[in-house]
Structures are given as structure tokens and as C-alpha cells.
Amino acid sequence: MAEAAKQAPGRGLPPVHLWHPAHCGDIDIVIRRDGVWMHEGSPIGRPELVRLFSTILRKDADGYVLVTPGEKLSITVEDLPFRAVAVERRGDALVFTTDVGDEATAGTEFPLVVETDPETGEPAPRVRVRADLWARIARPVFYELVEMADQDGEQLIVRSNGVAFSLGAVAA
């Protein structure tokens, strides 16, 4: 475990990017669109267990997997694996906290992306948490970002770590 801590300094995350076991099959774990982790149709009630699973989650070319040095099991993720449930400004940075306790500071490495549904106009904001794992930004957090935003032409913009992120077009 000490070696794992060296591989993921400051985060306490195992080095899943270094593990390449054979695929062992599927496990009946679903991360629902609302962020609830389910096992065999029931919510996983222990936050510590959800946190543990979240630390061994990885997205591979063939989908989301839980990986250890000896096993690789596919799981189902309905939307994105995490939810950004809080944001705070720390100096010139926006720091997001996820539903499993991770922090992601928006910037070049951890972009903030807002896609808009072309039919409904509904924004779908997300922020990268680690590797290719993203958090859906909860609606109240998105509203906080809108409150922090500046208008730049036709766009609402927030800045973090010297990077400007568009939240979308200004409503007419």
C-alpha cells in the first residue's frame, strides 16, 4: 500500500493505470444517472464501500471497470460515474467536490465542459475528476457557477487557473 501512495501522491488513490489484469467478466454494479451506486438491484448503503469502489474505477476503451492488480470487472454507468455536489473559489481556482469526496480543480488538466441538448436547450455540465473519469455537475452547483460568471460577448464565462470556460450562451 505504501507503493500505491507513492504512485498517486496527495490523493491516496491506487495506481489503477498501472494494473493490467485479464478481464474477469461483469459484476452487477450500476452507477445510476442520479449517482446512486447499486449492487444486484439494491443501493449500496455504506458510503465507505462506495468510496472504496470509486478508487478502483477506471474507464477503458471497452467501458467502465473496477480493477485490482488481479481482476478487472465491467460495471454499468448510466451517465457519468460521479456528481460534482459542491464548488468553491480558492484564489483564482474553482474547486469541485464530488459525491465520493474527490476534489477536482478546474483548469487545463481538469476541464469544465458544458454541452447543450440541441432539442431542449438543457445544459449538461461536467468536470474531469481524474484520468477519463468525469463528474456531472449538479444543478445547484451549476447555478452557483452562473452566479460567478462574467458575460463575454454572447457567452457566460467562468475562469479557473487562468483558463476561461464557457457555461453557454446568454439567454435573450
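Residues numbered from 1 in each chain as written. Predicted model: local features only at pLDDT ≥ 70, side-chain atom pairs only at ≥ 80, totals over all residues. Heavy atoms only, no water.

Thoughts on the confidence of the model for the chain
Item 1. Confidence in the prediction for the chain averages 91 pLDDT; 93% of positions are at 70 or higher.
Item 2. This stretch, residues 1–10, has a pLDDT under 50; its non-local contacts, to residues over four places away or in other chains, come to 6 contacts. (pLDDT = per-residue confidence, 0-100. Contact = heavy atoms within 4.5 Å.)

Considerations on the sheet that holds strand β15 (residues 163–169)
As a general point, the strands of a sheet are linked pairwise by backbone hydrogen bonds and lie either parallel or antiparallel.
Item 1. As summarised here, the arrangement of the 3 strands in space is β13-β14-β15, forming an open sheet in which the pairing is antiparallel. The open sheet terminates on both sides in strands that have one partner only, identified here as β13 (150–152) and β15. Within this sheet the neighbouring strands show an average axis-to-axis angle of 45 degrees, counted without direction.
Item 2. Relative to β15, strand β14 (residues 155–160) runs antiparallel, the two sharing 6 bridges. Bridged to Q155 within β15 is A169. (Pairing = 2+ DSSP bridges. Helix = DSSP H or I, 4+ residues; strand = E, 2+ residues; numbered from the N terminus. Axes fitted to C-alpha atoms, helices over the stretch in contact; angles between N-to-C directions.)

Some details on the pairing of strand β5 (residues 63–67)
Item 1. Where burial is concerned, most of β5 is hidden: 4 out of the 5 residues are buried.
Item 2. In this sheet, β5 lies alongside strand β4 (residues 57–60) in antiparallel orientation, the contact comprising 4 bridges. Directly across from K59, in β5, lies its bridge partner Y64.
Item 3. Counting the residues between successive antiparallel strands, the hairpin from β4 to β5 contains 2 residues.
Item 4. Hairpin connection from β5 to strand β6 (residues 72–77): 4 residues lie between these consecutive antiparallel strands. (Buried < 20%, exposed > 50% of the residue type's maximum accessible area, 1.4 Å probe, protein only.)

Brief notes about the pattern of salt bridges
Item 1. One pass over the full model with this rule turns up 13 salt bridges.
Item 2. R32 is the partner of D34 in a salt bridge, and the nearest nitrogen-oxygen pair spans 2.6 Å.
Item 3. The exposure class of D34 is partly exposed, given its relative accessible area of 47%.
Item 4. Residues D150 and R159 are paired through a salt bridge, measuring 4.0 Å at the closest nitrogen-oxygen approach.
Item 5. Relative accessible area serves as the criterion here: at 44%, D150 is assigned to the partly exposed category.
Item 6. On the basis of relative accessibility, which here comes to 41%, the residue R159 falls in the partly exposed class.
Item 7. Salt bridges sharing partners connect three or more residues here, namely R33, D79 and R136. (Salt bridge = Lys/Arg side-chain N within 4 Å of Asp/Glu carboxyl O.)

Some remarks on unusual backbone geometry
Item 1. The backbone of E40 sits at a positive phi, close to 50 degrees, despite the residue not being glycine.
Item 2. The topology assignment puts E40 in the loop between β2 (37–39) and β3 (42–43).
Item 3. Judged by relative accessible area, which is 57%, E40 ranks as exposed.
Item 4. Despite not being glycine, A131 shows a phi value in the positive range, around 45 degrees.
Item 5. By the element assignment, A131 lies in the loop between β11 (123–130) and β12 (133–137).

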